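Commentary on secondary and tertiary structure
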Amino acid sequence: TTISRFVATDGRGKGKVSNNLTFTMDAEKVAELRKKRTFKKFTFRGIELDALLDLTNDELMDLVTCRARRRMSRGLKRKPMALIKRLRQAKKEAAPGEKPRGIKTHLRNMIIVPEMIGSIVGIYNGKMFCGVEMKPEMVGMYLAEFAITYKPVRHGRPGVSAAHQTRFIPL
């Protein structure tokens, strides 16, 4: 494999070649570089994803923040359990390798548990359902953190109120 690199322009579009580097790499080195490119395994507080999915609720409680731990110690109520049940059903119905169908919910205060990873949840933000795919990084957070309830302010634009009508706006 021969690799050439050219720096072609000098900023004014003249097209001068200021650098010409040519070197060869044999196939073994290319294969070796590809092998080295391994992705970092996901860990949640030192526990890999496979082990995280096998944890019981009590073991998971030791890993999450104190607020989530307190909420979990008080037990899962009927509505959060119904959501988890519906997510399980959607995962079961999905074809292997396919994403499950989205499940809509108003439960913004639901804490994301490892069982929900891979599911798609429609989180209500007061106006519409925001579809969010659950990822391993989200464990221990609330569903509400992924569905913003307000439209962020865009500063610097003149308003339409009576005080602003006299302002000159160029076309």
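Above this note sits the structure.
What counts and what doesn't
- Residues numbered from 1 in each chain as written.
- Predicted model: local features only at pLDDT ≥ 70, side-chain atom pairs only at ≥ 80, totals over all residues.
- Heavy atoms only, no water.
- Helix = DSSP H or I, 4+ residues; strand = E, 2+ residues; numbered from the N terminus.
- Contact = heavy atoms within 4.5 Å.
- Areas by Shrake-Rupley, 256 points an atom, 1.4 Å probe, with all protein chains shown as cover.
- Phe/Tyr/Trp six-rings, centres within 6.5 Å; stacked < 30°, edge-to-face > 60°.
- Buried < 20%, exposed > 50% of the residue type's maximum accessible area, 1.4 Å probe, protein only.
- Pairing = 2+ DSSP bridges.
- Core = buried A, V, L, I, M, F, W, Y, C linked by side-chain atoms within 4.5 Å.
- Patch = residues over 30% accessible without salt bridge, like charges linked within 9 Å, V, L, I, M, F, W, Y side chains within 5 Å.
- Salt bridge = Lys/Arg side-chain N within 4 Å of Asp/Glu carboxyl O.
- Lys, Arg positive; Asp, Glu negative; His and termini not counted.
- Charge placed at Lys NZ, Arg CZ, Asp CG, Glu CD.
- Axes fitted to C-alpha atoms, helices over the stretch in contact; angles between N-to-C directions.
- Polar contact = N/O pair within 3.5 Å; in protein donor to acceptor, adjacent residues only side chain to side chain.

1. Examining the overall build of the chain
Across its full length, the chain carries five helices and seven strands. Along the chain, helices and strands appear, N-terminal first, in the series β-β-α-β-β-α-α-α-α-β-β-β. Across the chain, contacts joining residues at least 24 apart in sequence account for 38% of those joining residues at least 6 apart. As presented, the chain carries roughly 13500 Å² of accessible surface, and 55% of it is formed by carbon and sulfur atoms.

2. What to know about the environment of Leu 63
Here Leu 63 shows up in the loop between helix H3 (57–61) and helix H4 (66–73). Taking the C-alpha atoms as reference points, Leu 63 and Gly 140, 77 residues apart in sequence, are found 8.6 Å from one another.

3. Comments concerning the packing of aromatic side chains
The final tally for this structure, using the stated rule, is one aromatic pair. Here Tyr 124 and Phe 129 contribute two aromatic rings whose centre-to-centre distance is 4.9 Å and whose plane-to-plane angle is 50 degrees, an arrangement assigned as tilted. Classification of Tyr 124 as partly exposed rests on a relative accessible area of 22%.

4. Description of the pairing of strand S6 (residues 120–124)
Relative to S6, strand S5 (residues 103–105) is paired through three bridges, and the arrangement is parallel. The residue bridging Thr 105 from the neighbouring strand is Ile 123, located in S6. Bridging between S6 and strand S7 (residues 129–133) involves five bridges; their strand directions are antiparallel. Counted as the bridge partner of Val 121 is Val 132 from S7.

5. A look at the nonpolar core
Grouped together as the largest cluster of nonpolar side chains are 29 residues, with contacts concentrated most on Leu 60, Leu 83, Met 110, Met 116, Met 134 and Leu 143. Counting residues per element, the ones that place at least two in this core are H3, H4, helix H5 (78–93), S6 and S7. For this core, the element with the most residues is H5, which contributes four residues. In this structure, Leu 83 is in contact with Ile 103, Thr 105, Leu 107, Met 110 and Leu 143, ignoring residues within four places of it in sequence.

6. Comments concerning a positive patch on the surface
The grouping of Arg 67, Arg 70, Arg 71, Arg 74 and Lys 77 at the surface amounts to a positive patch. Topologically, Arg 67 is positioned in helix H4.

7. Topic: the sheet that holds S5
The strand order S5-S6-S7 describes an open sheet built from three strands, whose pairing is mixed. Among the strands making up the open sheet, the edge pair consists of S5 and S7. Geometrically, the sheet is characterised by an average inter-axis angle of 30 degrees between neighbouring strands, direction not taken into account. Its contacts with the sheet put H5 on S5 and S6, and the angle it makes with S5 is roughly 165 degrees.

8. A few points about unusual backbone geometry
With a phi angle near 50 degrees, Arg 45 is a residue other than glycine that sits in the positive phi range. In this structure, Arg 45 sits in the loop between strand S3 (43–44) and strand S4 (47–48).

9. Points about the side chain of Thr 105
Relative to the helices and strands, Thr 105 is located in strand S5. Taking the relative accessible area as the measure of exposure, Thr 105 reaches 8% and is therefore buried. Those residues in contact with Thr 105, other than ones at most four positions away along the chain, are Leu 83, Val 121, Gly 122, Ile 123, Tyr 124, Phe 129 and Leu 143.

10. Some words on the side chain of Asn 125
Within the secondary structure layout, Asn 125 lies in the loop between S6 and S7. Note on Asn 125: relative accessible area 15%, which makes it buried. Within the structure, Asn 125 has its side chain in polar contact with the backbone nitrogen of Lys 127 (distance 3.0 Å). Polar contacts involving the side chain of Asn 125 include one to the main-chain carbonyl oxygen of Ile 148, which spans 3.3 Å. Residues within four places of Asn 125 in sequence aside, it is in contact with Arg 108, Cys 130, Ala 147, Ile 148 and Thr 149.

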